[in-house]
Amino acid sequence: MKALIEQLPKVELHVHIEGTLAPERMLMLADQNEVRLPYENLKAVQEAYNFDSLQSFLDLYYLGASVLITELDFYHLMRDYLNDAIEQNIVHCEVMFDPQTHLARGIGFDVFMPGFIRAMREVYDESGLTVQLILCFLRDLPEADALKTLDLALPYLSDVTGVGLDSAEVGHPPLKFERAFLAARKLGLRPVAHAGEEGSSDMIAQALDVLRVERIDHGVACVEDEALRRRLIDERIPLTMCPLSNIKLCVFEQMAQHPILDLLDQGLCVTVNSDDPAYFGGNLVQNFLALYETFDVSERQLRQLVVNSVNGAFLANERKQALLDQLL
Ligand SMILES: [Zn+2]
């Protein structure tokens, strides 16, 4: 099974590029760009990774992102993740990025987008790995800020597939971003949103009803609500779950409590993803391995999880079919 997990052609739908920044590159870039971090060495950075909540993680995440300054830094950030994706036999990935984290530091779309795009094109030419970008709004900032960000993104939208909503969930419901998502959908962006991670199941329903999202990121709170689960099955809404992230951020105390396999067996379109692999102790393969070690996942369940990711991807039907043919 471990070999099969590694070998299967996989799809990743929920990974934040800023969350792939490895501690080694963080320290290297801090040194190169003369950004002062409150850590002396690699060990000190790794110790800071003991989070007790989403907020304590976000504090470190934003500090880490502050070392990214030049187009080349963003190129390396994307290239590092995509190199690892190739190693893991990921054949398609949809990568989220947080423009507001960089805009607030005076770093614009003209810096990070060319860096991302160069890495994406190189990797596609070398390996055939396809990459799509999802522009995420930070939900703890005002909606006006999200609308301004969308405006700044206009010249780059031919390279952006989707729009998402991330960062601190509690106190920032989907409703707050109704106009921003309407504007993004009108521009042809495919909508997704984090919902029901630390927040309640109502946030999942609100993201579907108000933001008209096509996928829910996380969505573990659907365990609270049977009617919502039926709806998620009927409407075939993919849930991009991230087991190691949920444990690291204390959404669940132990992996044995994670509902993903139970939800899979109930017929929900759940998928496995890494979220912020550099911070949560594991890439996509390691998330699958963590599930396998806890739940003794069967081959049928494993294949279904990967099939769900293919079905949930923003890919043309032809490509989906070609990927499904390799899996079944
Ligand atoms: Zn996430």
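Above this text is the structure in question.
As the structure is a computational prediction, the values presented were derived from the model and not from experiment.

Enquirer: Looking at this model, I keep getting lost on the nonpolar core. Mind explaining?
Expert: A general feature of soluble globular proteins is that nonpolar side chains tend to end up buried together. Formed by 97 residues in total, the largest nonpolar core has its most connected members in Met78, Val95, Phe116, Ile204, Ala207 and Val270. Examining the composition of this core, we find that 7 residues originate from one element, strand 3 (residues 130–138), more than from any other. In this structure, phenylalanine 116 is in contact with Phe74, Met78, Phe97 and Leu133, ignoring residues within four places of it in sequence.

Enquirer: What's the story with the environment of leucine 284 in this structure? I'm lost.
Expert: Structurally, leucine 284 can be placed in helix 15 (residues 284–295). Dropping the residues within four chain positions of it, leucine 284 is found in contact with Lys10, Glu12, Gln88, Ile90, Val272, Asn273 and Ser274.

Enquirer: Explanation requested: the environment of glutamine 46 in the structure shown.
Expert: By the secondary structure assignment, glutamine 46 is in helix 3 (residues 42–47). It is 7.3 Å that separates the C-alpha atoms of glutamine 46 and proline 23, two residues lying 23 residues apart in sequence.

Enquirer: Sorry if this is basic, but what is going on with the pairing of strand 4 (residues 162–166) here?
Expert: Two faces belong to every sheet, and in a regular strand the side chains alternate between them. For strand 4, a buried count of 5 out of 5 residues is recorded, marking the element as mostly surrounded by other parts of the structure. Covered by surrounding structure in strand 4 are Gly162, Gly164 and Asp166 together with Val163 and Leu165, the residues of both alternating faces. In the sheet, strand 3 pairs with strand 4 via 5 bridges, with the strands oriented parallel. Of the residues in strand 4, the one forming a bridge with cysteine 136 is glycine 164. At this point the chain moves from strand 3, through helix 8 (residues 143–153), to the parallel strand 4, and the crossover so formed is right-handed. Note that strand 4 and strand 5 (residues 190–195) share 2 bridges and pair parallel. Across the sheet, the residue bridging to valine 163 is proline 191, located in strand 5.

Enquirer: Even after reading the chapter, I still don't get unusual backbone geometry, so can you show me in this structure?
Expert: For residues besides glycine, phi is generally negative; the peptide bonds are generally trans as well. Phi is positive for asparagine 89, close to 65°, though the residue is something other than glycine. Relative to the elements of secondary structure, asparagine 89 occurs in the loop between helix 5 (71–87) and strand 2 (90–97). Overall, asparagine 89 belongs to the partly exposed group, with 15 C-beta atoms counted inside 10 Å. Located in the positive-phi region is serine 167, a residue other than glycine, with phi close to 80°. By secondary structure assignment, the location of serine 167 is in the loop between strand 4 and helix 9 (178–186). Taking the C-beta count within 10 Å as the criterion, serine 167 has 21 such neighbours and is therefore assigned buried.

Enquirer: Got a minute to help me understand the packing of helix 16 (residues 299–312) against helix 17 (residues 317–327) in this structure?
Expert: How two helices pack is summed up by the angle between their axes together with the distance between the axes. Where helix 16 contacts helix 17, the two axes come as close as 10 Å, and the packing angle between them is 175°. When the interaxial angle is binned, helix 16 and helix 17 end up roughly antiparallel. For the pair helix 16 and helix 17, the contacting residues are Arg303, Val306, Val307, Val310 and Asn311 in the first and Lys320, Leu323, Leu324 and Leu327 in the second.

Enquirer: Explain the sheet that holds strand 3 here, please?
Expert: Across a sheet, strands are paired by hydrogen bonds formed along the backbone, either parallel or antiparallel in direction. Ordered in space as 1-2-3-4-5-6-7-8, the 8 strands form an open sheet in which the pairing is parallel. With one partner strand each, in any of the chains shown, strand 1 (10–16) and strand 8 (270–272) form the two edges of the open sheet. For this sheet, the mean angle separating the axes of adjacent strands, direction not counted, is 25°. Sheet analysis places strand 6 (residues 215–218) next to strand 7 (residues 239–241), joined by 2 bridges and oriented parallel. Within the sheet, the bridge partner assigned to isoleucine 216 lies in strand 7 and is leucine 239.

Enquirer: Quick question: what am I supposed to make of the environment of alanine 3 here?
Expert: By secondary structure assignment, the location of alanine 3 is in helix 1 (residues 2–7). The sequence separation of alanine 3 and serine 245 amounts to 242 residues, and the corresponding C-alpha distance is 23 Å.

Enquirer: Just to check I follow, could you spell out the packing of helix 8 against helix 9 for this structure?
Expert: Remark: helix 8 packs on helix 9, axes separated minimally by 8 Å, with the N-to-C direction vectors making an angle of 15°. Taken together, the axes of helix 8 and helix 9 are roughly parallel relative to one another. Seen from above, helix 8 lies across helix 9 with left-handed handedness. Between helix 8, through Glu143, Ala146, Leu147 and Leu150, and helix 9, the contact on the second element is made entirely by Arg179, Ala180, Ala183 and Ala184.

Enquirer: Help me out: how do you make sense of the pairing of strand 1 in this one?
Expert: In terms of burial, strand 1 is largely enclosed, as 7 of its 7 residues are buried. In terms of strand pairing, strand 1 meets strand 2 through 5 bridges, oriented parallel. If you follow histidine 16 over to strand 2, its bridge partner there is methionine 96.

About the thresholds
- Within each chain, residues carry numbers counting from 1 in the order of the written sequence.
- With the structure being a predicted model, the display of local features is reserved for residues of pLDDT at least 70 and the display and counting of side-chain atom pairs for 80 or more, all residues being used for whole-chain, interface and lining totals.
- Take the buried Ala, Val, Leu, Ile, Met, Phe, Trp, Tyr and Cys residues, join any whose C-beta atoms are within 7 Å, and the set you get is a nonpolar core.
- Partly exposed residues are those whose C-beta has more than 12 but fewer than 20 other C-beta atoms within 10 Å; 20 or more makes a residue buried and 12 or fewer makes it exposed, with C-beta atoms placed from the backbone.
- Here a strand is any run of E in DSSP of at least two residues, a helix any run of H or I of at least four, and the numbering for each starts at the N terminus.
- We call two residues in contact when the distance between their C-beta atoms, placed using the backbone, is within 7 Å.
- A pair of strands is considered paired only if DSSP assigns at least 2 bridges between the two.
- For a crossover, the right-handed case is the one in which the path from the first strand over the helix to the second runs clockwise, viewed with the strands pointing away from the viewer.
- Whenever a helix is involved, its axis is fitted only over the stretch in contact; in every case the axis is a line through C-alpha atoms, and angles between N-to-C directions fall within 0 to 180 degrees.
- Here roughly perpendicular refers to angles of 65 to 115 degrees, roughly parallel to angles under 35, roughly antiparallel to angles over 145, and oblique to all remaining angles.
- Crossing handedness is read from the near helix: turned anticlockwise from the far helix by less than a right angle, it gives a left-handed crossing, and turned clockwise, a right-handed one.

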